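Close look at the chain arrangement
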Amino acid sequence: MQPTELPIVVGLGEVLWDCFAESRLPGGAPANVAFHACQLGCRGIVCSRVGQDPLGDELLAFLVGQGLETDWVQRDRVHPTGTVTVDTSRPDHPRFIIHENVAWDALDFDAATEMLMGRAAAVCFGTLAQRSPGSRQTIQRTIRAVRPDCLVVYDVNLRQHFYDRERLEASLRAAAIVKLNAEEVIEIDKLLGLDSPDQERFARALQERYGVDTVCITRGDRGCLLVGPDRIVDDPGTPVRVADAVGAGDAFTAALILARLRRWPLESQASFANAVGALVASRPGAMPLLREEFTRLTAGYGGGLNDE
């Protein structure tokens, strides 16, 4: 299969450096999704913005080195490349300090972005990169530019205080798949006034109110709950020794996208995504190199991109 035939999976939003106590590693939820989609055999593309600075140069060099295209990563002469301070004193529950007024806060909509959206098989976006009015407008406009059969995934990723009801509701209405964790369920249920007694009822409320097709709730070492239009799957997950959980949820999202594009049954989507997320959690950093491991894992679920 030629690279031009691979399904394009776009990570739309932030790309940045995750700064740990003794190291610095590439990250940013949408960029992580594109990176892992690439490792899983798709054409992963990061649609973001970095500064015209050494950190930006280094990020782009890393992405290119891992087979990702950087034509849709804009350069900013004013704002620096984004950084996040990560506290992994609890490896299974990392904490983040996300620094403001950085390049991806100034993400711009241009002709190249519009053209890319007309070719994408899937696009994943989140809440954080919508924290500035300009970037929020760009992301919403970009989502509206997708082709009719594009799979739009909203990977919620609530961070610090960078969210509100209006932003969440606009994102929910734009998405076919919504993925969030158990803690975010509690916060969003309260913020939207859903008064859901349990996770299943919460998912159904999102489907009914916002037109979402599928809701995925991740629960760490307890797997995930996947609620489709007419089926529900509760997958217990894959036990693993956690190095750190940074990026594991994004790898889960990339695997869920791949499984959905391949039209696997809901049960396979859930178990495959759990297995991929567990693999990433067993390695340090958001973008560990796992292409060979992913290839072996994917083969166990049926192989090629044309599976029905």
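Here we summarise the structure given alongside this text. (Residues numbered from 1 in each chain as written. Predicted model: local features only at pLDDT ≥ 70, side-chain atom pairs only at ≥ 80, totals over all residues. Heavy atoms only, no water.)

1. Quick word on the sheet that holds strand S3 (residues 24-27)
Strands belonging to one sheet form pairs held by backbone hydrogen bonds; the direction of such a pair is parallel or antiparallel. Spatially, four strands are ordered S3-S2-S6-S7 in an open sheet, and the strand pairing comes out mixed. Two strands close off the open sheet at either side, each with one partner strand: S3 and strand S7 (95-98). On average, each strand axis in the sheet is inclined to that of its neighbour by 30°, with strand direction left out of account. When strand S2 (residues 16-19) meets S3, the two strands line up antiparallel, connected through four bridges. Among the inter-strand pairings, aspartate 18 is bridged to a residue of S3, identified as leucine 25. (Pairing = 2+ DSSP bridges. Helix = DSSP H or I, 4+ residues; strand = E, 2+ residues; numbered from the N terminus. Axes fitted to C-alpha atoms, helices over the stretch in contact; angles between N-to-C directions.)

2. Structural notes on the pattern of salt bridges
Throughout the structure, instances matching the rule amount to 15 salt bridges. Residues arginine 75 and aspartate 57 are paired through a salt bridge, measuring 2.8 Å at the closest nitrogen-oxygen approach. Here arginine 75, found in strand S5 (residues 73-76), pairs with aspartate 57, found in helix H2 (residues 54-65); they are 18 residues apart in sequence, far enough to count as distant. The partly exposed category is assigned to arginine 75, whose relative accessible area is 28%. Looking at aspartate 57, the relative accessible area reads 44%, which means it is partly exposed. (Salt bridge = Lys/Arg side-chain N within 4 Å of Asp/Glu carboxyl O. Buried < 20%, exposed > 50% of the residue type's maximum accessible area, 1.4 Å probe, protein only.)

3. Considering helix H8 (residues 248-261)
Structural remark: α-helix, 3.6 residues per turn; residues separated by three or four positions point the same way. Given a rise of 1.5 Å per residue, 14 residues ought to cover 20 Å, and the 20 Å separating the end C-alpha atoms of H8 matches this to within 8%. Counting buried positions along H8 yields eleven of 14 residues, so the element is predominantly enclosed. With its phi angle positive at about 60°, arginine 263 sits one or two positions after the end of H8. (Expected span 1.5 Å × (residues − 1).)

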